[in-house]
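Summary of structural features
Each chain is listed here by its residues.
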Amino acid sequence: AVVKSPSRLHYHFMPPIGWMNDPNGLVYFNHEYHLFYQYDPYGVEWGPMHWGHAKSKDAVHWEYLPVALVPSEDYEFSEIERGHGCFSGSAVVRDKQLILMYTGNVDGRHPKQTQNIAISSDGLHFEKCHENPVIASFPEEGTEDFRDPKVWEENGQYYAVIGTKKEGLGKAALYRSQNLVNWNYLGICAQSNGEQGDMWECPDLFKVDDQDILLVSPMYGLKNSSPLAISGIFDSETGKFVQDAYDFIDYGHDFYAPQTLIDDQNRRIMIGWMNIWFAEMPEKKDGWVGAMTVSRKLSYQNNQLYQYPVKEIEELRYDGVSTSEIMISNQNDFSTQLHEAADIEIEIDLEKSKAEVFSIYLKASETVDEYIELLVDLTKGKLTCIREKSGAGEKTGSTAPFNHELAKLKLRILVDTNSIELFINDGQQVMTNRVYPLGEDNLFKIISEQALYLSQLNYWKMKTIWKG
Ligand code: FRU
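What you see is a predicted model, and the numbers here were worked out from it, not measured in a lab.

Digging into the pairing of strand 30 (residues 419-424)
For strand 30, the tally of buried residues reaches six of six residues, placing the bulk of the element in the interior. Of the strand pairs in this sheet, strand 29 (residues 408-416) and strand 30 are connected by six bridges, and their pairing is antiparallel. Directly across from Leu414, in strand 30, lies its bridge partner Glu421. Counted between consecutive antiparallel strands, the loop separating strand 29 from strand 30 contains two residues. Here strand 30 runs beside strand 31 (residues 429-434); their pairing, made up of six bridges, is antiparallel. If you follow Ile424 over to strand 31, its bridge partner there is Gln429.

Focus: the side chain of His50
Among the structural elements, His50 can be located in strand 3 (residues 50-56). On the basis of relative accessible area, His50 is assigned to the buried category, the value being 5%. In this structure the side chain of His50 is engaged in a polar contact, spanning 3.0 Å, whose partner is the backbone oxygen of Pro48. The contact partners of His50, leaving out residues within four places of it in the chain, are Tyr37, Gln38, Tyr39, Pro41, Tyr42, Val67, Leu69, Val70, Pro71 and Cys86.

Section: the sheet that holds strand 21 (residues 304-309)
Backbone-to-backbone hydrogen bonds join strands into a sheet, with any given pair of strands oriented parallel or antiparallel. The strand order across the open sheet built from four strands is 17-18-20-21, with neighbouring strands paired in antiparallel fashion. Only two strands of the sheet have a single partner each, and these edge strands are strand 17 (256-262) and strand 21. Pairwise comparison of adjacent strand axes, ignoring direction, gives a mean angle of 40° for this sheet. Judged from the six bridges that link them, strand 20 (residues 296-301) and strand 21 form a sheet pairing that is antiparallel. When the bridges of strand 21 are listed, Ser299 appears paired with Tyr306.

Some details on the pattern of salt bridges
As enumerated under the stated definition, the model contains 26 salt bridges in all. Glu32 is paired through a salt bridge with Lys55; the nearest N and O atoms lie 3.3 Å apart. Of the two residues, Glu32 sits in strand 2 (residues 32-40) while Lys55 sits in strand 3, which places them 23 residues apart along the sequence. Of the residues examined, Glu32 reaches a relative accessible area of 12% and is grouped as buried. Salt bridges linked by common partners bring Glu314, Arg317, Asp343, Glu345 and Arg412 together as one network.

Considering the nonpolar core
Core analysis: the biggest nonpolar cluster contains 53 residues, and Ile344, Ile346, Leu362, Phe444, Ile446 and Leu457 have the highest contact counts within it. Lining this core are residues from two domains, each supplying at least three of them: domain 1 (18-312) and domain 2 (316-462). What Ile344 contacts, discounting residues up to four positions off in sequence, is Leu338, Leu362, Leu411, Arg412, Ile413, Val415, Phe444, Leu457, Asn458 and Tyr459.

Looking at the domain arrangement of the protein chain
For the protein chain, the assigned domains are domain 1 (18-312) and domain 2 (316-462). Relative to domain 2, the C-alpha centre of domain 1 lies at a distance of 32 Å. With 28 residues of domain 1 at the contact, the number on the domain 2 side is 26 residues. Approximately 2,300 Å² of surface area, both sides summed, lies buried where domain 1 meets domain 2, with 53% of it carried by carbon and sulfur atoms. A per-residue breakdown of the area domain 1 buries against domain 2 is headed by Tyr251, His253 and Tyr308, which together make up 27% of the total. On inspection of domain 1 and its partner domain 2, the count reaches three salt bridges. Notably, a salt bridge pairs Arg296 with Glu421, separated by 2.8 Å at the nearest N-O pair. Our enumeration of links across domain 1 and domain 2 arrives at 20 residue pairs in polar contact (both at pLDDT 80 or more).

Considering the packing of aromatic side chains
In the structure shown here, the tally under the stated rule is 27 aromatic pairs. Each ring, one from Trp46 and one from Trp277, has its centre 6.5 Å from the other, and the planes form 75°; the classification is edge-to-face. In this pair, Trp46 sits in the loop between strand 2 and strand 3 while Trp277 sits in the loop between strand 18 (268-273) and strand 19 (288-289), placing the two residues 231 residues apart along the sequence. According to the relative accessible area criterion, Trp277 is partly exposed, its value standing at 27%. Three or more aromatic residues link up through ring pairs in this structure, and these residues are Trp19, Trp46, Phe87, Tyr256, Trp273, Trp277 and Phe278. Cation over ring: Lys223 sits above Phe248, and NZ or CZ is 4.8 Å from the ring centre. A cation over an aromatic ring shows up here: Arg317 above the ring of Trp460, its NZ or CZ 3.7 Å from the ring centre.

Re the state of the cysteines
Applying the stated criterion across every chain, the model contains zero disulfides. No disulfide involves Cys129; its nearest neighbouring cysteine sulfur is the one of Cys86, lying 14 Å away. The class for Cys129 is buried, based on a relative accessible area of 12%. Sulfur of Cys202: no disulfide; nearest cysteine sulfur belongs to Cys86 and is 15 Å away.

Rules of the game
What you see as residue numbers is a count from 1 along each chain, following the sequence as written. In keeping with the model being predicted, local features are shown solely for residues with a pLDDT of at least 70 and side-chain atom pairs are shown and tallied solely at 80 or more, while totals for entire chains, interfaces and linings include all residues. Water and hydrogen atoms play no part in the side-chain values, which are based on all heavy atoms of the structure. In this scheme, a residue with accessible area under 20% of its type's maximum is buried, one over 50% is exposed, and one in between is partly exposed, where area comes from a 1.4 Å probe on protein chains only. Each helix corresponds to a stretch of at least 4 residues labelled H or I by DSSP, and each strand to a stretch of at least 2 residues labelled E; elements are numbered beginning at the N terminus. Two strands are counted as paired when DSSP detects at least two bridges linking them. In protein, a polar contact requires one atom able to donate a hydrogen and another able to accept it; more generally it is a pair of N or O atoms within 3.5 Å, and residues adjacent in sequence count only if both atoms are side-chain atoms. Residue contacts are counted whenever heavy atoms from the two residues lie within 4.5 Å of one another. Axis definition: a line fitted to C-alpha atoms, limited for helices to the stretch in contact. Angles are taken between N-to-C directions and run from 0 to 180 degrees. When a carboxyl oxygen of Asp or Glu lies within 4 Å of a side-chain nitrogen of Lys or Arg, that pair is called a salt bridge. Take the buried Ala, Val, Leu, Ile, Met, Phe, Trp, Tyr and Cys residues and link them wherever side-chain atoms come within 4.5 Å; each set so joined is a nonpolar core. Start and end positions for the domains come from either an automated domain assignment or a database one. Here's the idea: put two parts together, see how much 1.4 Å probe accessible area each one loses, and the total over both is what we call buried area. Classification of ring pairs rests on two measures: the distance between centres of Phe, Tyr or Trp rings, Trp counted by its six-membered ring, which must be within 6.5 Å, and the angle between planes, read as stacked under 30 degrees, edge-to-face over 60 and tilted in between. Only lysine NZ and arginine CZ atoms are considered, and such an atom sits over a ring when it is within 6 Å of the ring centre and within 35 degrees of the ring normal. Any cysteine sulfur atom paired with another within 2.5 Å is treated as part of a disulfide.

Shown next, in the form of structure tokens:
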């Protein structure tokens, strides 16, 4: 049963009930997107990990499917209540079969983490392979923390990149196989430069717009273990990824363990967990916890990784309001009421504007002292999300840089019951935060002392993706 609760989101993926963390096994199979996820259906705390499962025709509307993996085998099950399970992993399509590769974890056993596969012909029922574990131990350059295989096919061979650590440095181990069962270790393809974390969780390695990108979710890295996009040059023959530059994937507080897939339109689409470990998660009181970001299409432009909501999201828009040439000043605030789920586009003409700073308020209330503020500094190119008065939940703020030397500043803001995803300048920087307002007014305001020219302001209500 799906729990009914006021904290449910309108157009973001959530578990039907219970606990959810990382997205797993993202794959396009038989004309449908599949999303698996780290799942404990029996409680609202992290526990024995199952793989929840859902699919979608458009990467927006998700249909719940039966649990795909339950911890059952000795490489993934023990009597310890917390500390075993089918940990994160990925999926690949081979001869019309859908194959999952995941980490079996048993705390207290040595080695505690092994890599395993499960096979399905219908994309619904999965059978664990008799040869499991297919990678029974960690390489010498790594340690027992050895998990989250991301598998892909290239020139008729399979590759898997797996996160590990040694001597305080996160590492990505690379393997190659002809058949997904026998794997050859090719070496550590990349490792932390010292500030990129002491354990690399959930690596993903792919090409987008001809650029090789390695995504990692580093433990104890910079800024709350915020996931990194590392650009570089990958050579599948030598198995080396040479780092060039890196940046946070998302400047917000609530974003972890992103994974990507490639679809039939050759789009590289990423979904992340819209939470982080050890955050307060107020929806627990309603019997469920955890949400995913919307599907974001990746591109590589201006030597940076861009992400933008897939265009299918726009199908959810209704009752739109579209205005142009608005001047905001101390004489003239903008204020309106939004639907709980909304999509906003703001385009600011920086050449005409006199303002040095301005603020956007979201989910503001008239009755309680509550709001989320996006404070934009146009002289420094800095945007700060202030959550101190955001209701329940975490209050930590977050800041993103942006290019303020352009003629325009473009903001796209996806607002849902308790999430705000902000895309700056077509997704050059992104900021994701969870917010739990108690009031219901949902006021949206733009306030500026000095003249601020909006060349365009559009906003819509968003339909729900859930039936019933
Ligand atoms: C990342 C992670 C993975 C692990 C999974 C366990 O959030 O810690 O490294 O496989 O969660 O649920």
